[in-house]
Amino acid sequence: MNLFKGKECVYCHKPFEEGDDVVVCPECGAPHHRKCYEENGKCVLEHLHGTSEEWGIKNKLNYSDVSDTKEKNNTFDNRHIEVQNIEDMDMNKFSMYGFMNENDSIDDVSAKELATFVGKSSYYYLSKFKRIKENSRFSWNFSAFIFSFLYFFYRKLYKQGLALLIVSVITLIPTMALVDSYSSYIAEKSKEQIITVNSASQLANELLNDTENPNYEKIMFWMQMSNIAMIINFTVRLGMAFLANSMYLNHCVKKIKYTRAALDNYTENPNYPISLQVIGGVSMQKALIITICYELVQMAVGFIIISHHIV
(Lines give C-alpha, C1' and ligand atoms only; values in the text may rest on other atoms or scores of the structure.)
Protein backbone atom coordinates (compact mmCIF):
# COMPACT_ATOMS: atom_id res chain seq x y z
CA MET A 1 0.00 0.00 0.00
CA ASN A 2 1.44 3.37 -0.96
CA LEU A 3 0.27 5.45 1.97
CA PHE A 4 2.07 8.61 0.84
CA LYS A 5 1.31 8.48 -2.87
CA GLY A 6 0.91 12.04 -4.10
CA LYS A 7 2.34 13.46 -0.86
CA GLU A 8 5.54 15.43 -0.33
CA CYS A 9 8.02 15.80 2.53
CA VAL A 10 6.80 18.59 4.80
CA TYR A 11 10.39 19.72 5.35
CA CYS A 12 11.99 19.82 1.88
CA HIS A 13 8.68 19.67 -0.09
CA LYS A 14 10.04 17.06 -2.51
CA PRO A 15 7.55 14.33 -3.56
CA PHE A 16 8.22 10.90 -2.12
CA GLU A 17 9.54 8.29 -4.49
CA GLU A 18 9.44 4.51 -4.33
CA GLY A 19 12.04 3.23 -1.86
CA ASP A 20 12.36 6.51 0.08
CA ASP A 21 13.19 6.19 3.78
CA VAL A 22 10.35 7.99 5.56
CA VAL A 23 9.83 9.05 9.19
CA VAL A 24 6.34 10.00 10.31
CA CYS A 25 5.54 12.41 13.16
CA PRO A 26 3.75 10.52 16.00
CA GLU A 27 1.58 13.52 16.83
CA CYS A 28 0.19 14.56 13.46
CA GLY A 29 1.36 11.90 10.97
CA ALA A 30 3.31 14.37 8.82
CA PRO A 31 5.83 12.46 6.66
CA HIS A 32 9.49 13.49 6.40
CA HIS A 33 12.49 12.03 4.64
CA ARG A 34 14.62 10.48 7.39
CA LYS A 35 17.47 12.88 6.61
CA CYS A 36 15.08 15.82 6.82
CA TYR A 37 13.69 14.65 10.16
CA GLU A 38 17.19 14.14 11.58
CA GLU A 39 18.34 17.50 10.29
CA ASN A 40 15.44 19.36 11.90
CA GLY A 41 15.38 17.17 15.01
CA LYS A 42 11.57 17.25 15.26
CA CYS A 43 8.41 17.59 13.21
CA VAL A 44 8.63 20.74 11.11
CA LEU A 45 4.88 21.28 11.64
CA GLU A 46 5.09 21.03 15.43
CA HIS A 47 3.59 24.51 15.79
CA LEU A 48 0.36 23.20 14.25
CA HIS A 49 -0.06 20.24 16.62
CA GLY A 50 -3.40 20.25 18.40
CA THR A 51 -4.96 22.74 15.98
CA SER A 52 -7.40 22.34 13.12
CA GLU A 53 -4.46 22.90 10.76
CA GLU A 54 -2.66 19.77 11.97
CA TRP A 55 -1.30 17.74 9.04
CA GLY A 56 -3.16 14.53 9.92
CA ILE A 57 -6.49 16.36 10.17
CA LYS A 58 -6.10 18.27 6.91
CA ASN A 59 -4.93 15.19 5.03
CA LYS A 60 -7.36 12.81 6.75
CA LEU A 61 -4.67 10.18 7.24
CA ASN A 62 -5.93 6.94 8.76
CA TYR A 63 -3.25 4.50 9.86
CA SER A 64 -5.84 1.85 10.66
CA ASP A 65 -6.11 1.23 6.90
CA VAL A 66 -2.49 0.17 6.97
CA SER A 67 -2.49 -1.70 10.27
CA ASP A 68 -5.39 -3.87 9.09
CA THR A 69 -3.08 -5.46 6.53
CA LYS A 70 -0.63 -6.49 9.26
CA GLU A 71 -0.87 -8.84 12.23
CA LYS A 72 -3.44 -7.72 14.78
CA ASN A 73 -1.03 -8.32 17.66
CA ASN A 74 1.57 -5.81 16.54
CA THR A 75 2.83 -3.63 19.41
CA PHE A 76 3.20 0.02 18.50
CA ASP A 77 5.39 2.54 20.31
CA ASN A 78 3.75 5.95 19.97
CA ARG A 79 6.99 7.90 19.66
CA HIS A 80 7.41 7.88 15.89
CA ILE A 81 6.87 5.68 12.84
CA GLU A 82 9.75 4.51 10.71
CA VAL A 83 8.81 3.55 7.16
CA GLN A 84 11.65 1.74 5.42
CA ASN A 85 9.88 1.42 2.10
CA ILE A 86 6.74 3.19 0.96
CA GLU A 87 5.58 0.20 -1.06
CA ASP A 88 6.21 -2.36 1.70
CA MET A 89 5.65 -0.74 5.09
CA ASP A 90 6.65 -2.52 8.27
CA MET A 91 4.34 -1.19 10.96
CA ASN A 92 6.45 -2.82 13.69
CA LYS A 93 8.91 0.03 13.18
CA PHE A 94 7.14 2.31 15.62
CA SER A 95 10.45 3.06 17.12
CA MET A 96 11.88 3.12 20.60
CA TYR A 97 15.27 3.32 18.92
CA GLY A 98 15.29 6.99 17.94
CA PHE A 99 17.13 7.52 14.66
CA MET A 100 18.57 4.01 14.83
CA ASN A 101 17.24 0.70 13.60
CA GLU A 102 16.88 -2.23 15.96
CA ASN A 103 20.02 -3.98 14.72
CA ASP A 104 22.22 -0.88 14.43
CA SER A 105 25.03 -0.88 16.95
CA ILE A 106 27.31 1.46 18.86
CA ASP A 107 30.62 0.03 20.13
CA ASP A 108 29.34 -3.51 19.38
CA VAL A 109 26.18 -2.95 21.42
CA SER A 110 22.90 -3.13 19.52
CA ALA A 111 20.20 -0.49 19.58
CA LYS A 112 17.85 -3.09 21.04
CA GLU A 113 20.21 -3.68 23.99
CA LEU A 114 20.67 0.05 24.52
CA ALA A 115 16.92 0.70 24.44
CA THR A 116 16.28 -2.11 26.93
CA PHE A 117 18.99 -0.78 29.25
CA VAL A 118 17.98 2.90 29.03
CA GLY A 119 14.27 2.22 29.52
CA LYS A 120 12.49 5.56 29.89
CA SER A 121 13.18 8.05 27.08
CA SER A 122 15.12 5.52 24.98
CA TYR A 123 13.99 7.31 21.81
CA TYR A 124 15.63 10.53 23.00
CA TYR A 125 18.85 8.95 24.20
CA LEU A 126 19.44 6.62 21.27
CA SER A 127 19.02 9.57 18.91
CA LYS A 128 21.60 11.46 20.97
CA PHE A 129 23.92 8.45 21.06
CA LYS A 130 23.90 8.16 17.30
CA ARG A 131 24.70 11.84 16.85
CA ILE A 132 27.52 11.62 19.39
CA LYS A 133 29.16 8.75 17.53
CA GLU A 134 28.71 10.38 14.14
CA ASN A 135 29.58 13.96 15.02
CA SER A 136 30.90 14.85 18.45
CA ARG A 137 31.06 13.76 22.08
CA PHE A 138 29.42 17.04 23.08
CA SER A 139 25.63 16.91 23.27
CA TRP A 140 23.45 19.23 25.34
CA ASN A 141 21.35 17.70 28.11
CA PHE A 142 18.96 20.23 29.63
CA SER A 143 17.94 17.96 32.53
CA ALA A 144 21.56 17.52 33.62
CA PHE A 145 22.01 21.30 33.68
CA ILE A 146 18.82 22.07 35.61
CA PHE A 147 18.84 19.19 38.10
CA SER A 148 22.62 18.78 38.46
CA PHE A 149 23.53 15.80 40.68
CA LEU A 150 19.85 14.79 40.95
CA TYR A 151 19.85 13.91 37.23
CA PHE A 152 22.97 11.74 37.48
CA PHE A 153 21.69 9.81 40.51
CA TYR A 154 18.38 9.37 38.69
CA ARG A 155 20.17 7.81 35.69
CA LYS A 156 22.36 5.69 38.02
CA LEU A 157 25.59 7.50 37.16
CA TYR A 158 26.56 7.52 40.81
CA LYS A 159 30.20 8.58 40.46
CA GLN A 160 29.28 11.65 38.42
CA GLY A 161 26.38 12.40 40.77
CA LEU A 162 28.64 12.18 43.81
CA ALA A 163 31.25 14.42 42.17
CA LEU A 164 28.61 17.08 41.45
CA LEU A 165 27.22 16.75 44.96
CA ILE A 166 30.68 17.40 46.42
CA VAL A 167 31.09 20.44 44.15
CA SER A 168 27.71 21.75 45.30
CA VAL A 169 28.68 21.33 48.97
CA ILE A 170 32.08 22.99 48.55
CA THR A 171 30.69 25.94 46.60
CA LEU A 172 28.05 26.39 49.30
CA ILE A 173 30.65 26.99 52.03
CA PRO A 174 31.29 30.69 51.18
CA THR A 175 27.55 31.37 51.28
CA MET A 176 27.30 29.78 54.73
CA ALA A 177 30.29 31.84 55.88
CA LEU A 178 28.54 34.94 54.57
CA VAL A 179 25.42 34.02 56.53
CA ASP A 180 27.61 33.61 59.60
CA SER A 181 29.06 37.12 59.11
CA TYR A 182 25.59 38.62 58.66
CA SER A 183 24.28 36.85 61.76
CA SER A 184 27.28 37.96 63.81
CA TYR A 185 26.75 41.62 62.88
CA ILE A 186 23.02 41.54 63.62
CA ALA A 187 23.62 39.76 66.95
CA GLU A 188 26.19 42.37 68.04
CA LYS A 189 23.89 45.24 67.11
CA SER A 190 21.05 43.62 69.02
CA LYS A 191 23.15 43.30 72.14
CA GLU A 192 24.10 46.98 71.92
CA GLN A 193 20.41 47.78 71.47
CA ILE A 194 21.22 50.26 68.74
CA ILE A 195 19.87 48.34 65.79
CA THR A 196 16.99 50.19 64.15
CA VAL A 197 16.10 48.59 60.87
CA ASN A 198 12.99 49.64 59.03
CA SER A 199 13.66 47.79 55.78
CA ALA A 200 15.87 45.18 54.15
CA SER A 201 17.59 47.87 52.09
CA GLN A 202 18.50 49.78 55.28
CA LEU A 203 20.03 46.64 56.78
CA ALA A 204 21.99 46.03 53.56
CA ASN A 205 23.32 49.60 53.65
CA GLU A 206 24.49 49.17 57.25
CA LEU A 207 26.12 45.82 56.53
CA LEU A 208 28.03 47.21 53.56
CA ASN A 209 29.06 50.46 55.22
CA ASP A 210 32.70 50.32 56.31
CA THR A 211 32.15 53.01 58.92
CA GLU A 212 29.06 51.43 60.45
CA ASN A 213 30.11 47.79 60.31
CA PRO A 214 33.41 46.64 61.89
CA ASN A 215 33.04 43.32 60.06
CA TYR A 216 32.81 45.08 56.70
CA GLU A 217 36.00 43.59 55.25
CA LYS A 218 35.04 40.08 56.37
CA ILE A 219 31.59 40.38 54.82
CA MET A 220 32.98 41.76 51.56
CA PHE A 221 35.52 38.90 51.39
CA TRP A 222 32.90 36.21 51.81
CA MET A 223 30.55 37.99 49.44
CA GLN A 224 33.22 37.91 46.73
CA MET A 225 34.04 34.28 47.51
CA SER A 226 30.35 33.42 47.34
CA ASN A 227 30.06 35.02 43.89
CA ILE A 228 33.15 33.13 42.69
CA ALA A 229 31.71 29.88 44.07
CA MET A 230 28.44 30.49 42.22
CA ILE A 231 30.35 31.02 38.96
CA ILE A 232 32.36 27.83 39.54
CA ASN A 233 29.20 25.85 40.29
CA PHE A 234 27.48 27.22 37.19
CA THR A 235 30.50 26.44 34.99
CA VAL A 236 30.76 22.88 36.28
CA ARG A 237 27.05 22.27 35.73
CA LEU A 238 27.28 23.72 32.24
CA GLY A 239 30.23 21.49 31.37
CA MET A 240 28.52 18.39 32.78
CA ALA A 241 25.39 19.20 30.79
CA PHE A 242 27.42 19.14 27.57
CA LEU A 243 29.12 15.86 28.54
CA ALA A 244 26.14 14.11 30.19
CA ASN A 245 24.89 12.23 27.12
CA SER A 246 28.40 11.06 26.23
CA MET A 247 28.97 9.92 29.82
CA TYR A 248 25.65 8.12 29.80
CA LEU A 249 26.47 6.36 26.53
CA ASN A 250 29.80 5.13 27.93
CA HIS A 251 28.00 4.01 31.10
CA CYS A 252 25.39 2.06 29.09
CA VAL A 253 27.95 0.32 26.87
CA LYS A 254 30.17 -0.60 29.83
CA LYS A 255 27.33 -2.00 31.95
CA ILE A 256 25.81 -3.92 29.03
CA LYS A 257 29.14 -5.61 28.26
CA TYR A 258 29.61 -6.46 31.95
CA THR A 259 26.14 -8.02 31.99
CA ARG A 260 26.94 -10.07 28.88
CA ALA A 261 30.10 -11.39 30.50
CA ALA A 262 28.23 -12.39 33.66
CA LEU A 263 25.71 -14.56 31.79
CA ASP A 264 26.33 -17.79 29.93
CA ASN A 265 25.24 -17.60 26.29
CA TYR A 266 23.59 -14.24 26.89
CA THR A 267 21.99 -14.11 23.42
CA GLU A 268 19.80 -17.10 24.32
CA ASN A 269 19.48 -16.41 28.02
CA PRO A 270 15.95 -15.26 28.95
CA ASN A 271 17.37 -13.44 31.98
CA TYR A 272 19.52 -11.15 29.83
CA PRO A 273 16.83 -8.54 28.96
CA ILE A 274 15.59 -8.59 32.56
CA SER A 275 19.14 -8.06 33.84
CA LEU A 276 19.58 -5.08 31.51
CA GLN A 277 16.35 -3.54 32.79
CA VAL A 278 17.32 -4.03 36.44
CA ILE A 279 20.91 -2.76 36.08
CA GLY A 280 19.86 0.06 33.77
CA GLY A 281 16.72 2.15 33.87
CA VAL A 282 16.30 4.92 36.43
CA SER A 283 16.33 5.30 40.21
CA MET A 284 13.95 8.03 41.30
CA GLN A 285 14.02 6.82 44.91
CA LYS A 286 17.77 7.25 45.37
CA ALA A 287 17.76 10.59 43.59
CA LEU A 288 15.02 11.94 45.85
CA ILE A 289 16.65 10.61 49.03
CA ILE A 290 19.97 12.27 48.14
CA THR A 291 18.25 15.56 47.25
CA ILE A 292 16.10 15.64 50.39
CA CYS A 293 19.13 14.89 52.58
CA TYR A 294 21.11 17.63 50.84
CA GLU A 295 18.36 20.21 51.39
CA LEU A 296 17.82 19.17 55.02
CA VAL A 297 21.54 19.38 55.82
CA GLN A 298 21.73 22.79 54.14
CA MET A 299 18.78 24.06 56.20
CA ALA A 300 20.18 22.53 59.40
CA VAL A 301 23.60 24.16 58.94
CA GLY A 302 21.98 27.56 58.30
CA PHE A 303 19.78 27.14 61.37
CA ILE A 304 22.77 26.19 63.56
CA ILE A 305 24.78 29.20 62.35
CA ILE A 306 21.98 31.66 63.06
CA SER A 307 21.03 30.02 66.39
CA HIS A 308 24.63 30.14 67.57
CA HIS A 309 24.72 33.94 67.31
CA ILE A 310 21.26 34.46 68.72
CA VAL A 311 22.08 32.41 71.81
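Located above this text is the structure these notes cover.
Report on the accompanying structure.

### Regarding the overall build of the protein chain
For the protein chain, the count of helices and strands is twelve helices and five strands. Out of the 311 residues in the protein chain, the part that is buried amounts to 39%. Contacts in the protein chain between residues at least 24 apart in sequence constitute 61% of all its contacts with a sequence separation of at least 6. For the protein chain, the accessible surface area stands at approximately 18000 Å², while carbon and sulfur atoms represent 57% of it.

### What about the side chain of Asn 141?
Along the chain, Asn 141 turns up in the loop between α5 (122–134) and α6 (142–147). Relative accessible area serves as the criterion here: at 1%, Asn 141 is assigned to the buried category. At 3.1 Å, the side chain of Asn 141 and the backbone nitrogen of Ser 143 are in polar contact. At 2.9 Å, the side chain of Asn 141 and the side chain of Asn 245 are in polar contact.

### Regarding the packing of aromatic side chains
The tally for this structure, following the rule as stated, stands at twelve aromatic pairs. With a centroid separation of 6.2 Å and 40 degrees between ring planes, the pair formed by Tyr 125 and Phe 129 is classed as tilted. With a gap of four residues between them, Tyr 125 and Phe 129 both fall in helix α5, about one helical turn apart. Judged by centre distance (5.2 Å) and plane angle (80 degrees), the ring pair of Tyr 151 and Phe 152 falls under edge-to-face. Exposure class is identical for Tyr 151 and Phe 152. Each is buried. Aromatic ring contacts, followed pair by pair, group Tyr 124, Tyr 125, Phe 129 and Tyr 248 into a single cluster. The ring of Phe 145 has Arg 237 sitting right over it, with the charged end atom 5.9 Å from the ring centre.

### Some details on a nonpolar patch on the surface
A contiguous nonpolar patch, built from Phe 138, Trp 140, Phe 142, Ile 146, Phe 147 and Phe 242 and spanning about 610 Å² of accessible area, is present on the exposed surface. It is α6 that contributes the most residues to the nonpolar patch, three residues altogether. Mapped onto the secondary structure, Ile 146 falls in helix α6.

### Focus: the nonpolar core
Inside soluble globular proteins, nonpolar side chains tend to come together where they are buried. Grouped together as the largest cluster of nonpolar side chains are 37 residues, with contacts concentrated most on Leu 114, Leu 126, Phe 129 and Phe 152. For this core, the secondary-structure elements that each account for two or more residues are α4 (111–118), α5, α7 (149–154), α8 (158–192), α10 (216–262), α11 (271–279) and α12 (284–310). Sorting elements by how many residues they give to this core places α10 first, with seven residues. Apart from the residues lying within four places of it in its own chain, the contact partners of Leu 126 are Met 96, Tyr 97, Gly 98, Met 100, Ala 111, Leu 114, Ala 115 and Val 118. The next biggest cluster of nonpolar side chains, apart from the first, holds seven residues, and it includes Val 10, Cys 28, Ala 30 and Cys 43.

### Thoughts on the packing of α4 against α10
The relative placement of two packed helices is expressed as an angle between their axes plus a distance between the axes. Where α4 meets α10, the axes come as close as 10 Å, and the angle between the chain directions of the two elements is 100 degrees. Relative to α10, the element α4 is oriented roughly perpendicular. Along the contact surface, α4 presents Glu 113, Leu 114, Phe 117 and Val 118, while α10 presents Tyr 248, His 251, Cys 252, Lys 255, Ile 256 and Arg 260. Here the residues of the contact of α4 with α10 are counted per class, giving six nonpolar, one polar and three charged.

Calculation notes
- Residues numbered from 1 in each chain as written.
- Predicted model: local features only at pLDDT ≥ 70, side-chain atom pairs only at ≥ 80, totals over all residues.
- Heavy atoms only, no water.
- Helix = DSSP H or I, 4+ residues; strand = E, 2+ residues; numbered from the N terminus.
- Buried < 20%, exposed > 50% of the residue type's maximum accessible area, 1.4 Å probe, protein only.
- Contact = heavy atoms within 4.5 Å.
- Areas by Shrake-Rupley, 256 points an atom, 1.4 Å probe, with all protein chains shown as cover.
- Polar contact = N/O pair within 3.5 Å; in protein donor to acceptor, adjacent residues only side chain to side chain.
- Phe/Tyr/Trp six-rings, centres within 6.5 Å; stacked < 30°, edge-to-face > 60°.
- Lys NZ or Arg CZ within 6 Å of the ring centre and 35° of its normal.
- Patch = residues over 30% accessible without salt bridge, like charges linked within 9 Å, V, L, I, M, F, W, Y side chains within 5 Å.
- Salt bridge = Lys/Arg side-chain N within 4 Å of Asp/Glu carboxyl O.
- Core = buried A, V, L, I, M, F, W, Y, C linked by side-chain atoms within 4.5 Å.
- Axes fitted to C-alpha atoms, helices over the stretch in contact; angles between N-to-C directions.
- Parallel < 35°, antiparallel > 145°, perpendicular 65-115°, else oblique.
- Nonpolar A, V, L, I, M, F, W, Y, C, P; charged D, E, K, R; others polar.

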